[in-house]
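Overview (structure and organization)
One letter stands for each residue in the lines below.
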Amino acid sequence: MKKVILTLVIFAMLFSCDSQLDINRNPDDLTPDDLAFAVELPGSITAVAGVQGAYWAIIGGIWSQMWSQSPGSSQYRIVDNYTLGTTDAISTGGWLNAYDGLADIRNIKRKALASENWNYYLISTVLETYLSQMLTDWYGDIPYSEANDRLIFQPHFDDAQDVYDALVRDLDDALGRNLSTSVGDVPGVDDLVFGGDMPSWVKFANTLKLKIFLRQTEARPAVAQAGITALLNSNAPLLDIDASLTGFVDAPNLSNPLYESDKRQLNTSLNLRASTTMYSYLADNSDARQNLFYTGNGLLNSVDQGDYNNPAGPNTFAVSILSPTTPVYFISLEESLFMQAEARERYSINAAAAKALYDAAVIENFNKWGLNGASYVAASGVYEYPSAGTFSDKLKAIITQKWVASYPGNGAEAFFEWQRTGIPATSSVPQSDASYVPGEFAVSVNGVLGTGFPQRLLYPTGETARNLNAPAVVPITTPIWWNQ
Amino acid sequence: MKVKNYYSLLVLLMFGITSVLAQEKTISGIISDSSGIPLPGATVLVKGTSTGTSTDFDGKYSIKANQGAILVISFVGYNTQEVRVESSKTINLQLSENAQALEEVVVTAFGKTKQKRSLGYAATSVSGEKLTEVSTLNPFESLSGKVAGLDITSPNQPGASTKIILRGFSSTRAVNGPLYVIDGTPISSASNSSSSTGVGRSFDGGTNINDLDANNIESINVLKGGAATALYGSRASSGAIIITTKKGRSGEKVKVEINSSLDFLEVARIPHLQQKFGQGWNGVDYSGLPAGGIGATNENGSWGPAFNGQLRVWGQIVDNAQQTKLYSNLEDNIKDFYDIGHTYTNSVRLSGGSNNSDFSLIFTKIDTDGIIPTDADALNRNTLSLNTGISGEKFRLRVNGNYAQTRQNAVNTGQGNNAGEGETFMQELLQIPRGVSVVDLADYKTNPFNNNDNFYTPYSRNPYWVINENKTNLSRERFYGNINLSYDLSTNLVGTLQVGADILNGGRHSHGAVINYTPGSPNALLGGTNNVGGVTETTNQNKFYESFLTFDYNTALNENFGLEAQLGGSMSNNYGSRLFVSVTNLDIPNFYEISNSAVTPNTAQQNTHSKRYSTFGALTLSYKERIYLNLTGRNEWVSTLAIGKNSFFYPAANLSAVVLDNSKHFLKVRGGYASLANAPGLYSTESSALPAIAGAYFGTINFPFNGINSFEIARELGNINIEPEYTDEYEIGFEGRFFNNRINADVAYYHKTTDGSIINLLLPNSTGYGSVVGNYLDLENKGVEVALGFVPLKTDNFSWNLDWTFAKNKNKVTSLPEGIDELTINGAFNINFKAVVGEPLGVFYGRTPLINDAGQTVVDANTGIPLQTTDEQALGNSQRDFVMGLQNTLKYKNFRLSFAFDWKEGGQMYSYTSRLLGFTGGSILTTYNNRNPFIVPNSVNDNGDGTYSENTTPIDYNSITGYYSSTNNPSTEAYNHVIDKTFIRLRDLSVSYNFPESLIGKSGLNSLSISLYGRNLMLWTPKGNPYVDPEVTSYGGNDLTTEFGEFSANPAQRTYGMALKMSF
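Everything numeric in this text was worked out from a predicted model, so none of it was measured. (Residues numbered from 1 in each chain as written. Chains lettered and ligands numbered in written order. Predicted model: local features only at pLDDT ≥ 70, side-chain atom pairs only at ≥ 80, totals over all residues. Heavy atoms only, no water.)

1. Points about the overall build of chain B
Counting its secondary structure elements, chain B contains 10 helices and 55 strands. Taken over C-alpha atoms, the radius of gyration comes to 32 Å for chain B, in line with the 31 Å a tight globule of 1064 residues would show. Viewed in the frame of its principal axes, chain B has a C-alpha envelope of about 110 × 65 × 65 Å. Within the span of chain B, comprising 1064 residues, buried residues form 61% of the whole. (Helix = DSSP H or I, 4+ residues; strand = E, 2+ residues; numbered from the N terminus. Rg over C-alpha atoms; globule rule 2.2 N^0.38 Å. Buried < 20%, exposed > 50% of the residue type's maximum accessible area, 1.4 Å probe, protein only.)

2. A closer look at the nonpolar core
In terms of nonpolar packing, the biggest core is built from 145 residues, with Trp-56, Trp-63, Trp-138, Trp-201, Phe-204, Tyr-294 and Phe-330 of chain A touching the most fellow members. For this core, the element with the most residues is helix 3 (residues 37-63) of chain A, which contributes 14 residues. Ignoring anything within four residues of it in the chain, the contact list for Tyr-294 of chain A reads Met-66, Trp-67, Ala-274, Met-278, Tyr-279, Leu-282, Ala-318, Val-319, Ser-320, Ile-321 and Tyr-407 of chain A. Formed by 77 residues, the second largest nonpolar core is a distinct cluster that contains Tyr-776, Tyr-912, Ile-979 and Phe-1044 of chain B. (Core = buried A, V, L, I, M, F, W, Y, C linked by side-chain atoms within 4.5 Å. Contact = heavy atoms within 4.5 Å.)

3. Let's talk about the interface of chain A and chain B
Counting residues at the interface gives 94 residues for chain A, matched by 90 residues for chain B. Of all residues in chain A, Leu-21, Asn-24 and Arg-466 of chain A bury the most surface against chain B, accounting for 10% of the area lost on that side. In this structure, Arg-25 of chain A engages Glu-686 of chain B in a salt bridge whose closest nitrogen and oxygen atoms are separated by 3.2 Å. Where chain A meets chain B, there are 28 residue pairs in polar contact (both at pLDDT 80 or more). Listed by contribution, the elements that provide at least two residues to the side of chain A that touches chain B are helix 1 (2-16), helix 2 (18-21), helix 3, helix 5 (89-115), helix 10 (257-264) and helix 18 (461-464) of chain A. (Buried area = accessible area lost by both parts, 1.4 Å probe. Salt bridge = Lys/Arg side-chain N within 4 Å of Asp/Glu carboxyl O. Polar contact = N/O pair within 3.5 Å; in protein donor to acceptor, adjacent residues only side chain to side chain.)

4. Here's the deal with the environment of Gly-296 of chain A
Take Gly-296 of chain A: it is sitting in the loop between helix 12 (290-293) and strand 4 (328-331). For Gly-296 of chain A, a relative accessible area of 26% translates into the label partly exposed.

5. Things to note about the environment of Pro-257 of chain A
For Pro-257 of chain A, the location among the structural elements is in helix 10. Considered as a pair, Pro-257 of chain A and Pro-324 of chain A are 67 residues apart in the sequence and their alpha carbons are 7.9 Å apart. With sequence-adjacent residues up to four places away left out, Pro-257 of chain A is seen in contact with Ala-49, Gly-50, Gly-53, Ala-54, Phe-248 and Val-328 of chain A together with Ala-696 and Ile-701 of chain B.

6. Topic: the pairing of strand 16 (residues 240-245) of chain B
Residues and elements named next belong to chain B. Of all 6 residues in strand 16, 6 are buried; the element is thus mostly enclosed. Covered by surrounding structure in strand 16 are Ala-240, Ile-242 and Thr-244 together with Ile-241, Ile-243 and Thr-245, the residues of both alternating faces. As paired strands, strand 13 (residues 179-182) and strand 16 are joined by 4 bridges and run parallel to one another. Within the sheet, the bridge partner assigned to Leu-179 lies in strand 16 and is Ala-240. Bridge analysis of strand 15 (residues 217-223) against strand 16 gives 6 bridges, and the strand direction is antiparallel. Within strand 16, the residue paired with Ile-217 across the bridge is Thr-245. (Pairing = 2+ DSSP bridges.)

7. A closer look at the side chain of Asn-531 of chain B
All names here are of chain B. Along the chain, the position of Asn-531 falls in the loop between helix 6 (522-525) and strand 26 (534-556). At a separation of 2.9 Å, a polar atom in the side chain of Asn-531 contacts the side chain of Glu-423. Excluding anything up to four places from it in sequence, Asn-531 contacts Asn-418, Gly-422, Glu-423, Arg-461, Trp-465, Ala-513, Val-514 and Ile-515.

8. Notes on the sheet that holds strand 7 (residues 93-95) of chain B
Residue and element names in this part refer to chain B. With mixed pairing, 3 strands are arranged side by side in an open sheet as 4-1-7. Every interior strand has two partners, whereas the edge strands, strand 4 (60-65) and strand 7, have only one. Each neighbouring strand pair of the sheet contributes to a mean axis angle of 35°, computed without reference to strand direction. As defined by bridge partners, strand 1 (residues 25-33) adjoins strand 7 across 3 bridges and the pair is classed as parallel. Residue Ile-31 lies in a different strand from strand 7, and its bridge partner there is Leu-93. (Axes fitted to C-alpha atoms, helices over the stretch in contact; angles between N-to-C directions.)

9. Description of the packing of helix 6 (residues 118-139) of chain A against helix 17 (residues 411-421) of chain A
A packed helix pair is summarised by two numbers, namely the angle formed by the two axes and the spacing between the axes. All names here are of chain A. As a packed pair, helix 6 and helix 17 sit with axes 11 Å apart at the nearest point and diverge in direction by 55°. Here helix 6 lies oblique to helix 17, going by the angle between them. With respect to the hand of their crossing, helix 6 and helix 17 are arranged in left-handed fashion. Together, Met-134, Asp-137 and Trp-138 of helix 6 and Ala-412, Phe-415 and Phe-416 of helix 17 make up the contact between the two elements. Grouping the amino acids of the contact of helix 6 with helix 17 by side-chain chemistry returns 5 nonpolar, no polar and 1 charged. (Parallel < 35°, antiparallel > 145°, perpendicular 65-115°, else oblique. Left-handed = near helix turned anticlockwise from the far one by under 90°. Nonpolar A, V, L, I, M, F, W, Y, C, P; charged D, E, K, R; others polar.)

10. Let's talk about the side chain of Arg-269 of chain B
Residue and element names in this part refer to chain B. Position of Arg-269 among the secondary structure elements: in the loop between strand 17 (255-267) and strand 18 (311-318). It is Asp-1029 that comes nearest to the buried, bridge-free Arg-269 among opposite-charge side chains, at 7.3 Å. Here Thr-1021 takes part through its side chain, which lies 3.0 Å from a polar atom of the side chain of Arg-269. Separated by 3.3 Å, the side chain of Arg-269 and the backbone oxygen of Asn-1025 make a polar contact. For Arg-269, the residues in contact, after removing those within four places along its chain, are Leu-1019, Thr-1021, Asn-1025, Pro-1026, Tyr-1027, Val-1028, Asp-1029, Pro-1051 and Ala-1052. (Lys, Arg positive; Asp, Glu negative; His and termini not counted.)

11. So, the packing of aromatic side chains
Applying the stated criterion across every chain yields a total of 74 aromatic pairs over all chains. Aromatic pair Tyr-164 of chain A and Trp-481 of chain A: ring centres 5.3 Å apart, planes at 80°, arrangement edge-to-face. In this pair, Tyr-164 of chain A is assigned in helix 7 (residues 160-175) and Trp-481 of chain A in the segment after helix 18, connecting sequence segments 317 residues apart. Classification of Tyr-164 of chain A by relative accessible area gives buried; the value is 0%. Ring geometry for Tyr-294 of chain A and Tyr-407 of chain A: centres 5.6 Å apart, planes at 70°, overall edge-to-face. Of the two residues, Tyr-294 of chain A sits in the loop between helix 12 and strand 4 while Tyr-407 of chain A sits in the loop between helix 16 (391-405) and helix 17, which places them 113 residues apart along the sequence. Like Tyr-407 of chain A, Tyr-294 of chain A is buried. One Lys or Arg, Arg-289 of chain A, reaches over the ring of Phe-366 of chain A and ends 4.0 Å from the middle of that ring. The ring of Phe-983 of chain B has Arg-985 of chain B lying over it, and the distance from NZ or CZ to the ring centre is 4.6 Å. (Phe/Tyr/Trp six-rings, centres within 6.5 Å; stacked < 30°, edge-to-face > 60°. Lys NZ or Arg CZ within 6 Å of the ring centre and 35° of its normal.)

12. Thoughts on the confidence of the model for chain B
Residues and elements named next belong to chain B. Averaged over all residues, the pLDDT of chain B equals 86, while 92% of them reach at least 70. The spread of mean pLDDT over the elements of chain B runs between helix 1 (residues 7-15), the lowest at 38, and strand 35 (residues 711-713), the highest at 96. When the criterion is pLDDT under 50, residues 1-22 qualifies, and its contacts beyond four places in sequence or with other chains add up to 32 contacts. As a predicted assembly, this complex carries a pTM of 0.82 together with an ipTM value of 0.95. (pLDDT = per-residue confidence, 0-100.)

13. Some points on the environment of Asp-796 of chain B
Mapping Asp-796 of chain B onto the fold places it in the loop between strand 39 (771-794) and strand 40 (798-815). C-alpha separation for the pair Asp-796 of chain B and Ile-70 of chain B, spaced 726 residues apart in sequence, amounts to 25 Å.

14. Some remarks on the pattern of salt bridges
Tallied over the full model, the rule gives 69 salt bridges over all chains. One salt bridge connects Lys-645 of chain B with Glu-723 of chain B, and the closest N-O pair in it is separated by 3.5 Å. Of this pair, Lys-645 of chain B sits in the loop between strand 29 (627-638) and strand 30 (647-661) while Glu-723 of chain B sits in the loop between strand 36 (716-717) and strand 37 (725-738); the two residues are 78 residues apart in sequence, bridging distant segments of the chain. Among the residues examined, Lys-645 of chain B registers a relative accessible area of 26% and is labelled partly exposed. Here the residues in one salt-bridge network are Asp-137, Lys-211, Arg-215, Glu-218, Glu-342, Arg-346, Lys-402, Glu-413, Glu-417 and Arg-420 of chain A, joined through shared partners.

15. Here's the deal with the sheet that holds strand 51 (residues 978-980) of chain B
Strands in a sheet are paired, the pairing made by backbone hydrogen bonds, and the direction either parallel or antiparallel. Residue and element names in this part refer to chain B. Here 3 strands make up an open sheet; going across it, the order is 51-48-54 and the pairing mixed. Each edge of the sheet is formed by a strand with only one pairing partner; in this case those strands are strand 51 and strand 54 (1045-1046). In this structure, strand 48 (residues 908-911) lies alongside strand 54, joined through 2 bridges in parallel fashion. Note that in strand 54 the partner of Ser-911 across the bridge is Glu-1046. Of the strands in this sheet, strand 48 and strand 54 are in contact with helix 7 (residues 912-920), which crosses strand 48 at around 45°.

16. Describing unusual backbone geometry
A negative phi angle characterises most non-glycine residues, just as the trans form characterises most peptide bonds. Look at the link from Tyr-407 of chain A to Pro-408 of chain A: it is a cis peptide, with omega at 0°. Here Pro-408 of chain A shows up in the loop between helix 16 and helix 17. A cis amide bond links Phe-703 of chain B to the next residue, Pro-704 of chain B, at an omega of 0°. Of note in the backbone geometry, Arg-167 of chain B takes a positive phi value of approximately 55° without being a glycine.

So, in structure tokens, the structure goes:
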């Protein structure tokens, strides 16, 4: 019996040896600490592009009335009739993937701060604030200060207005670091936006500040004015090139995310049809971009916004044209120029420069489509800048052109700007009415909000059901704070 | 149920010496039971001598004995009888059954047999014969309804997974299945199915336990409770199924057994469909032509006008021609798609032995091709098993090796994907409108109307094309077995060392074909999306090794007290390796290799390794063989917990008392407590980083991108603080046999509480993580299990046995992390499957039609369609109210008839088939009010001021089409897609005939029997489920997520077969 016990004791000692059991690490995976900046940054950038370029591009494009749901299919009816809920993948996926991307962006930022790598600190801060502004513009109050912390399972929601202040504060903090003293790795090809060109990131940061301040012109005019005046008077460099993700190819899951999602991966590529709103505007102005935005060379019909039960054959309606290789524009050159034009006019900071900025912006967008836009902005051109007009006239020209230039991937920004400025105007008659003015926004034929438009996205259950600190779901009809 | 103990017989045979005396004569006869059924293997001894023999398979014996000698005839489970040899040379005898069944043994931990009366917990054994009465591909299918407390879901499909749940779900993870132990060594029961639990493309590749040869099973013991499994360790925390394979008998000449069966298969449940309305949409039978006009019927739904029997053109216009057909119904158009399948099972077994050795060699070959046309659902399996032993004076060696080779073609389920490997056939088949002849679509190669370009609709594919061109093939080579050495260290101390292995090599190839619509063809003009085609190749290797060393001590302490003790230790290593390569966008059509794409392949590679060590001890103290006290304890060290938290101990104690034991009645009461512990799965303690993939709604942005690579933080957060999960289980019960076995009963009540069940806690999206594994869920399971047997009739030639099992398990989530009321386990199409405090695991939630305080449905004033509640409402749960089985066995002379019913009551499931048929207008539901406009009954409009006015807006035809579709009427998801999964099934029926020796005596055969049987003969489901067999699933495995429901699952089949069994 002694032998038995001895054998068992030896057995037990052999097994309980910790080194024998310390094998619970996946041999095929890296750990988050292993990730060099250059390894984690590319995925962080595509994460932003995926969220903005698919989920929000589709919702934004339909709500900014460049598209309507096709009568021949049904994929986006819930978007077009304003019934997007708390569980619909097209809206919940944006929230989920935004924070998924922010996990890596903030991991870079934490490590960059700790190692005083101000280059990556600036890049990650710009990505963080850019994506966070879109989040708060869609949702209002969002987790910001406590989000993406592995020790906080129940992040608090920050007040939307506080988030706006934090965005500016965080951008200023990153801009305030001396890039020439940055320690460690230098961004290069891993920077899919600017190829490691740090001055461009500074411009992106400044332009983003301009965008953040401009959004507040109605709700907090003083804040907006102070911020913009300081920015422009300091001659801070602003984007003079596109801040975009290029490099898409026509191959599965390597394409422009809007194309990939809507055209390649769905079982029909005909869901997005020309909305009467943008289609009629372009037609009315004989805008050559019309035939590049929509099929049919102008010979097909458009769908009155939300009229997806229209009994006419689906093939009678023009379809959206998307390309697999279109870049995702975070802030395009023309958007930068349009914003500068508005800012200069609005606060009379060298307002004389506004026309040139506007003209350049419109021409730049035509250029992107391989067209020459000069005649459109020339004297007596349909898009001639109303130099002699009131500020309202000028703003209308700027925001309307910004709306057209947002096709196809930046409808969300056009939607936010429409909410802020009311441009384009809202039609008082249905689009089927003879007196409908081309280009005016119309309530969806199947909209469930009466005469109202959606104002925001609903918090997804993937957040509210798991987060004690999540507020009650805010109705889709409640405007975001800056929309007053 | 008896496990025949042949070993006493063998001993007798070995020592049997026939005396040769002058007066002796040869006595012969038949030994049978009280109903006249011959008893093979009964022992016949001449009292006071060592002369003995045993009966053959017809119960016959012959023995030499002197007149006046006493023959002692005994058989396990029967009362021993003595009879005096008189002048007659023939002595036939009927033995009466012994209520005590003293010798009944069960196999428990490490292959140890124990007297059942000594057990303080519920254990049920089923003999191999019972399992093969009706030939099945899967040995466990026959267990259904035969073991109380075992809820088995076993869809009758070639190679499909069997899900076995003992005493309810104890986790949301995939650890709810029992541990399978074959001859003392655990073997893998891992799933070979798609890991997807979503709505995409999935397949059921069965589980590894399917590799077991049903013909090689001697017995199965089901150990349901924690006490039973304490000795098997944490892997058996959901029960254990202990399988003993067939052995040869030493001292017996070589015997050959042949079992052959042939089955015919036909489709069982297909959805019950409406028979009134044909192809069309919104009430019209035409839709947009390719050129934009009116005329072609290119819809994939049955939303056309009512059938009128008129001749009309239909389908696409091809070369200015169009097909014609009568616009009338074809009742069985979907059913006609299916073939008659077949299964051939052939098994040959050789067994025998010498004085100190024995062997059993069995080869079984199964070929089956199910009910789906082509060999898309074929399965071929060859198994070869050798079990052999040799023994010396103190030393015994046993070697047990099994090889299994499986080739399986799995039929894909789910929605399919045209950006990958294409569509799945059920999804496409169910979109075929009523009245369209499905079988006429079979020729898609030469009939231009049936090819992809011209198929009648761009919205779905020709199911024949799908079944022929999109495939999933699995292959598996498997070896498992063990070597067992035992040595008698002293008269009452035995040491045993067993080394076991389970090695598996698996592979899978799947592909989907390319569709490139010819430009200008009808479906190209209608905007049908091309299929890019794809190929996936995976290989996986799993190696599992387990060794144990035990010392067993057995002694009588004094006249009254006996002691059995066991000490031991075990170590196991589990290695996995998997390689996955997948490409899409095939360049050369019909060439399915991963080289055939210019697109970057998706690859994944995974190596895993886990270890587990344990020491354990067990002690049984018996008093007068009437009262038994069993104590066990086990300590385990596992590699899947963090260092410092990786050791845990759990004890068990139980008591069994035989309170009544006489010649007529036997009653044992038992009770016990067991603690069980369990560890998390692999690699949950630390966070990792994975190749970066950016989500983009239906697409993604992958790496390498633009020539560079990238990684991102994985969505699962590592948790170094995971503790072992502990379950406490109390159990009481009794078993009894009364009136000479005319009534027997086994009743158990148990109560299990699990604290800190290890689950994936879903984290708020804003953390950036998807989930974290940890001890976040407390739950409880309690239930009763009843097995009752009656023998209502019993005469010399006739007997009727009635066995009834009943089990009810109540599962309840008792706690979740503070502030969290619910966890989502799975979800699809706006139906979520959750764990909610105070409810059973697995509650369905969805947004229902809005009802006001007066109970009226609030509808949209413009459309008349019900508004939805803002929040999700509970729609029921997946837990069954009870599971019941009833088995009848009637014997008349050599005939035997048996049939078994299963009744599983209650519980809900998600049915995608219902969803799809609501969309296409195929379901009977859609014929409400003959599809005339109707006002939702008792519906009102919200006046916006707290008052309601009567709704007067009818739902018009346009909306009726959408009324059953979630896009127009979202609350239909909650209302119509979560269905009752109750069913009653005639599980099997068999008639068999044992040829008596008078018929086969001169053929050289020892035994011959023939049986006819049917499986899955009738299925009854409640009115709310005209759609599917509730036991079909789109997923394999034992994960709670599989309880969610089905996604275009393939139908079950009905079997008619015959089997021939012979031995010589």
